[in-house]
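This is what each chain is made of:
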Amino acid sequence: MLKAIAFKEWLKMRWTFLAMVVVCIGMTVNIALDLSHLMTMERPINVWSYVILMQYPFYSSLRYIPLLVGCAIAVAQFVPEVIQSRLKLSLHLPLGENQVLLWMVGYGGCVVAGLLLLEMLAMMVVALAYFPKEVMQSMVLTMAPWFLAGLGGYFLTATIVVEPRWVRRVFLILLAYGFLDALVLRVAITAYTPSLLWFVLLTVLTTIGVVLSGHRFRKGVR
Amino acid sequence: MKTVRLARIALTVLLTLVLSWVLPHYFWKAFDISIRPPRVSYSPVQNSFLLLRPEAKSVRYVDPAGKEYTREEYERLLPLTNYRQLAASGQMPDSLRGAKLDLKTVQLNNLFLRVMPADIGLPQIPLYPLVESQSGRVRLEMPNDFFRIGRRMEFMDAATNAVQESKSQEFTDTLLARGFAFPARQIAGNPTTRKPFDEGYFVVDANDAVFHIKMVRGKPFCVNTGIPAGLRVRHMFIMEMGLKEFYGMMIAADNSVSLISYDSYRLIRLPLSRYDAATCALFFGGDLFYRTITVQSEGWLETVVTDRAYAVVDTYQESWPTRDESTAGAWAASLFPFTFHLEDEDSALVDFYGQCGKWTALWGMLLFLVLLLISLRLRRKHVRDHLFDLVLVAGTGIFGLLAVHMIPSPEE
């Protein structure tokens, strides 16, 4: 049964997922090409100075990409369910209604996390090709909150989409905006180091929100 | 149903926290007040303090007694800081306090250093360029590598992104021979080529000893400065200045501030009593005759003037009402039982900087609790079904009240 649900989720999101893979590859290749172009046109030491001393974040074009990935996959997964009220059918499967929903967001969350993890690994490879490990470490710490925003964005978008009443949706959107905005602030590199763990804990709070929306959806709140 | 309740609790708690930084943020965006501290200078002409007071639309030039000056009078009383303007208008005096003034001497002796709380603990990538300090060229030139000091001193070549083995080994051997204990705890320098000359880096080793490391004609230069390890360096600022009186400034763990002098690294301790590196800005100004050191924090400043031997000549203090003491501050302290802000002007880091409200916030919290009870009554809900809401609002006031109304309860 769980396998079947996973397959159904995959069918819904595969094209969006593919689009997001293309976006991630495109962004990464673009950053790698930018760096290689810079290294050819400038003296390498000047590029290093720019990145290390002036703290130029060569990866800053990725700031909102994880958020885009999270939101897009949640929309692809839950909008079809809501529009045709198909979710009600899913919730009648011989599994607890919460279990079905949790399995759905669990599967989607893993897909988002997996893609983001691959993206992070790809960026680490790019960074290590041109810079010492210290630069790569600072890049990972700087991008970590953006990637966290991608995961939080996924779970909160799912919660917002499934919620049946528009007024409540607006409130949830405000919550999502307030929380996710805090993860993509324009601040110094590695600035989130002291608070990252707290933000991870707060992101955990977003994971089961969809259960509340799903409960209201099933009850037919209008 | 249990999971649904849990989901609601998770979302409500998250929203409460988000509101506790979003609401105060917008509150202060709407009601913030501008506080403009004065700039304190010491006139070598009349041996007294002069204040530049920025106001909403103008600037006032006054002395501590309140006497007003015009801008021109103010500049003539501070000829050393305003020498360019005075020279341009032909008003620069030929001599002052028995010393002949020429522009070059004035310029050489004018110093300015500023240390803001956010400068300390500023995120950095621990890689540094080591400039050749005696190349024989007029201008300093960037090397082709950056170094790190971990288990040894390693130079990374930018073109190949690989360790330069022989150079790394040579520097590591010299450091070891001078008694350096790897790894480095702190590396302070002025990594730019836009300076008159290069003094390399001051490095705190694993035993808290401070070493001076630079490169002279391609060879490593490394000496133990003898700065006592017991001081425990909190931060160092190195800045090459033509006057060559000191290498830079050192702030110790006990908030004492010293200059590292060119006289075999002897420390010159600045006569400051209220300085705290976490919350105070430090302005250090020097001219031909005096050193003017200002410590400024929220609501107060203290300026100490010393002679060139760092003996205190005069002091000036001033305080002003802070934002928290304003009417808006009183409202905020009653409205919000606590607040968070993610960005702080005293730090470059994002963190949950918390602040507690005043005891008046208790009335606010009581009010919001009553509002919750009224709201429950109007919606014909039982209090016993909403114990979580009750506890949340009792503990977080307005944030909780808004959150429990924005996130629907499962029973709705």
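None of these values were measured; they are calculated from a predicted model.

## A few points about the pattern of salt bridges
Next up, step 1: In the structure shown here, the tally under the stated rule is 25 salt bridges over all chains.
Next up, step 2: Glutamate 9 of chain A is the partner of lysine 12 of chain A in a salt bridge, and the nearest nitrogen-oxygen pair spans 3.0 Å. Within this pair, lysine 12 of chain A and its partner glutamate 9 of chain A are both found in helix H1 (residues 2-41), separated by 3 residues, close to a single helical turn.
Next up, step 3: Under the relative-accessibility criterion, lysine 12 of chain A is labelled buried at 17%.
Next up, step 4: In this structure, lysine 214 of chain B engages glutamate 199 of chain B in a salt bridge whose closest nitrogen and oxygen atoms are separated by 3.0 Å. Note that lysine 214 of chain B is positioned in strand S13 (residues 210-216) and glutamate 199 of chain B in the loop between strand S11 (186-189) and strand S12 (201-204), a separation of 15 residues in sequence. In terms of burial, lysine 214 of chain B and glutamate 199 of chain B fall into one category: buried.

## Focus on the sheet that holds strand S19 (residues 281-286) of chain B
Residues and elements named next belong to chain B.
Next up, step 1: The strand order across the open sheet formed by 5 strands is S7-S19-S20-S21-S22, and the pairing between neighbours is antiparallel. Looking along the sheet, the strands with just one partner apiece sit at the ends: strand S7 (111-115) and strand S22 (312-319). With strand direction ignored, the average angle separating the axes of adjacent strands in the sheet is 10°.
Next up, step 2: Judged from the 5 bridges that link them, S7 and S19 form a sheet pairing that is antiparallel. Bridged to leucine 111 within S19 is glycine 286.

## Observations concerning the domain arrangement of chain B
Accessible area lost upon the coming together of the parts is a frequently used measure of interface size.
Residues and elements named next belong to chain B.
Next up, step 1: The assigned domain composition of chain B is domain 1 (2-33 + 327-406), domain 2 (42-110 + 287-320) and domain 3 (116-271).
Next up, step 2: Centre-to-centre, using C-alpha coordinates, domain 2 lies 33 Å away from domain 3.
Next up, step 3: The interface is formed by 9 residues belonging to domain 2 together with 8 residues belonging to domain 3.
Next up, step 4: For the pair domain 2 and domain 3, the summed buried surface comes to about 660 Å²; carbon and sulfur atoms form 69% of the total.
Next up, step 5: When the buried surface of domain 2 facing domain 3 is broken down by residue, Leu108, Ile293 and Tyr310 rank first, second and third, together holding 64% of it.
Next up, step 6: Counting the contacts that link domain 2 with domain 3 gives 2 salt bridges.
Next up, step 7: Here glutamate 245 ties to arginine 291 by a salt bridge, and the two come within 2.7 Å at their closest N and O atoms.
Next up, step 8: If you look at where domain 2 meets domain 3, you find 2 residue pairs in polar contact (both at pLDDT 80 or more).
Next up, step 9: Elements that contribute at least two residues to the side of domain 2 that touches domain 3 include exactly helix H4 (103-109), strand S20 (290-297) and strand S21 (300-307).
Next up, step 10: Taken together, the residues of the side of domain 2 that touches domain 3 break down into 5 nonpolar, 2 polar and 2 charged.

Criteria and cut-off values
- Residues numbered from 1 in each chain as written.
- Chains lettered and ligands numbered in written order.
- Predicted model: local features only at pLDDT ≥ 70, side-chain atom pairs only at ≥ 80, totals over all residues.
- Heavy atoms only, no water.
- Salt bridge = Lys/Arg side-chain N within 4 Å of Asp/Glu carboxyl O.
- Helix = DSSP H or I, 4+ residues; strand = E, 2+ residues; numbered from the N terminus.
- Buried < 20%, exposed > 50% of the residue type's maximum accessible area, 1.4 Å probe, protein only.
- Pairing = 2+ DSSP bridges.
- Axes fitted to C-alpha atoms, helices over the stretch in contact; angles between N-to-C directions.
- Domains from an automatic or database assignment.
- Contact = heavy atoms within 4.5 Å.
- Buried area = accessible area lost by both parts, 1.4 Å probe.
- Polar contact = N/O pair within 3.5 Å; in protein donor to acceptor, adjacent residues only side chain to side chain.
- Nonpolar A, V, L, I, M, F, W, Y, C, P; charged D, E, K, R; others polar.

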